[in-house]
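# Tertiary structure, described
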Amino acid sequence: EDKVVQSPLSLVVHEGDTVTLNCSYEVTNFRSLLWYKQEKKAPTFLFMLTSSGIEKKSGRLSSILDKKELFSILNITATQTGDSAVYLCASYNNNDMRFGAGTRLTVKP
Amino acid sequence: EAGVAQSPRYKIIEKRQSVAFWCNPISGHATLYWYQQILGQGPKLLIQFQNNGVVDDSQLPKDRFSAERLKGVDSTLKIQPAKLEDSAVYLCASTRTAIYEQYFGPGTRLTVT
């Protein structure tokens, strides 16, 4: 059965720390890996990764995909309290989006 | 542009009752999705519409869940009868083209007692 597993499930850091969130997947007909940030209810799109080894970057956030080892990481540098959220990764194959359970990140002042 | 609208925002019902959720996607977005997100889990895709046709409903519990998208715009998701395990946030999302560009609505939090 297809699955997407995220780790850690929760993480508490202090402002200024750097964090790495992990996402591993076992998905048939895999096409892309997506990262979302969910603060209250509605997830907002961060990155879509299709090719291995190519880093996507947006400000203090960056992400990379390893299609050989079947995982992706999301890095956040110089964390701020506004980064506190649940970070979801999802695999996309054809028409199906399969989400992981998320990593709850708490950034303390 | 206006975002995805959903209503109601909260709903509390007793088990075996019926409930319906409404979603209005972003104007011009042909594809609409309904997700179920149980507390502590990621969203689970229930059904995907392309205009008013169903693309994928393989994870929709069809014995109690139904969804429609008449005229290819608004959509309703119905649960009849509800069970305790249906307690979740129901998210609607829409996209113009690729699935990754989907925009999520604020969700409806359903509590079944």
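This report concerns the structure included in the present document.

Cut-offs and rules
- Residues numbered from 1 in each chain as written.
- Chains lettered and ligands numbered in written order.
- Predicted model: local features only at pLDDT ≥ 70, side-chain atom pairs only at ≥ 80, totals over all residues.
- Heavy atoms only, no water.
- Salt bridge = Lys/Arg side-chain N within 4 Å of Asp/Glu carboxyl O.
- Helix = DSSP H or I, 4+ residues; strand = E, 2+ residues; numbered from the N terminus.
- Buried < 20%, exposed > 50% of the residue type's maximum accessible area, 1.4 Å probe, protein only.
- Disulfide = S-S within 2.5 Å.
- Contact = heavy atoms within 4.5 Å.
- Buried area = accessible area lost by both parts, 1.4 Å probe.
- Polar contact = N/O pair within 3.5 Å; in protein donor to acceptor, adjacent residues only side chain to side chain.
- Nonpolar A, V, L, I, M, F, W, Y, C, P; charged D, E, K, R; others polar.
- Pairing = 2+ DSSP bridges.
- Axes fitted to C-alpha atoms, helices over the stretch in contact; angles between N-to-C directions.
- Phe/Tyr/Trp six-rings, centres within 6.5 Å; stacked < 30°, edge-to-face > 60°.

For the rest of this paragraph, the subject is the pattern of salt bridges. Going through the model one piece at a time under the given rule, you end up with three salt bridges over all chains. A salt bridge links Arg60 of chain A to Asp83 of chain A; its shortest N-O distance comes to 2.8 Å. Taken together, the residues span a long stretch of sequence, with Arg60 of chain A in the loop between β6 (56–58) and β7 (61–66) and Asp83 of chain A in the loop between β8 (71–76) and β9 (85–93) at a distance of 23 residues. Take Arg60 of chain A: its relative accessible area is 23%, and that puts it in the partly exposed class. A salt bridge links Lys62 of chain B to Asp57 of chain B; its shortest N-O distance comes to 3.7 Å.

On to the state of the cysteines. Within this structure, the stated rule accounts for two disulfides over all chains. Across the disulfide, Cys23 of chain A is cross-linked to Cys89 of chain A (sulfur-sulfur distance 1.9 Å). Between Cys23 of chain A and Cys89 of chain A the sulfur-sulfur dihedral comes to about 75 degrees; the bridge is accordingly right-handed. Separated by 66 residues along the polypeptide, Cys23 of chain A in strand β3 (residues 19–26) and Cys89 of chain A in strand β9 bring together distant segments of the chain. The side chain of Cys23 of chain B participates in a disulfide bridge whose partner is Cys92 of chain B; the two sulfur atoms lie 1.9 Å from each other. Residues Cys23 of chain B and Cys92 of chain B share a disulfide whose torsion about the S-S bond is about -65 degrees; that sign makes it left-handed. With a gap of 69 residues between them, Cys23 of chain B in strand β3 (residues 19–24) and Cys92 of chain B in strand β9 (residues 88–95) connect regions that are remote in the sequence.

Between chain A and chain B, the contact holds 17 residues from the first and 23 residues from the second. Between chain A and chain B the total buried area reaches about 1500 Å² when both faces are included, carbon and sulfur atoms providing 59% of it. Put simply, chain A and chain B have two residue pairs in polar contact (both at pLDDT 80 or more) between them. Sorting the residues of the side of chain A that touches chain B by element identifies β4 (32–38), β5 (43–49), β9 and β10 (96–99) of chain A as the ones contributing at least two each. Classifying every residue of the side of chain A that touches chain B by side-chain character gives 11 nonpolar, three polar and three charged.

Next up on the list: the sheet that holds β3 of chain B. Residue and element names in this part refer to chain B. Spatial strand order, β1-β3-β8-β7: four strands in an open sheet with antiparallel pairing. The open sheet terminates on both sides in strands that have one partner only, identified here as β1 (5–7) and β7 (65–68). Each strand of the sheet is rotated relative to its neighbour by a mean of 15 degrees, with strand direction disregarded. Pairing between β3 and strand β8 (residues 75–79): five bridges, direction antiparallel. In the strand pairing of β8, Cys23 is matched with Ser75.

In this structure the tally under the stated criterion is nine aromatic pairs over all chains. A ring pair is formed by Tyr33 of chain B and Tyr35 of chain B, whose centres lie 6.3 Å apart and whose planes are at 35 degrees; its orientation type is tilted. Both rings, one in Tyr35 of chain B and one in Phe104 of chain B, keep their centres 5.4 Å apart while their planes meet at 40 degrees; by these two values the pair is tilted. Of this pair, Tyr35 of chain B sits in strand β4 (residues 31–37) while Phe104 of chain B sits in strand β10 (residues 103–104), placing them 69 residues apart in sequence. With relative accessibility at 0%, the residue Tyr35 of chain B sits in the buried group. Put simply, the rings of Tyr36, Phe45 and Phe99 of chain A together with Tyr33, Tyr35 and Phe104 of chain B pair up and form one aromatic cluster.

Such coordinate-based values are descriptive only and should not be taken to indicate function.
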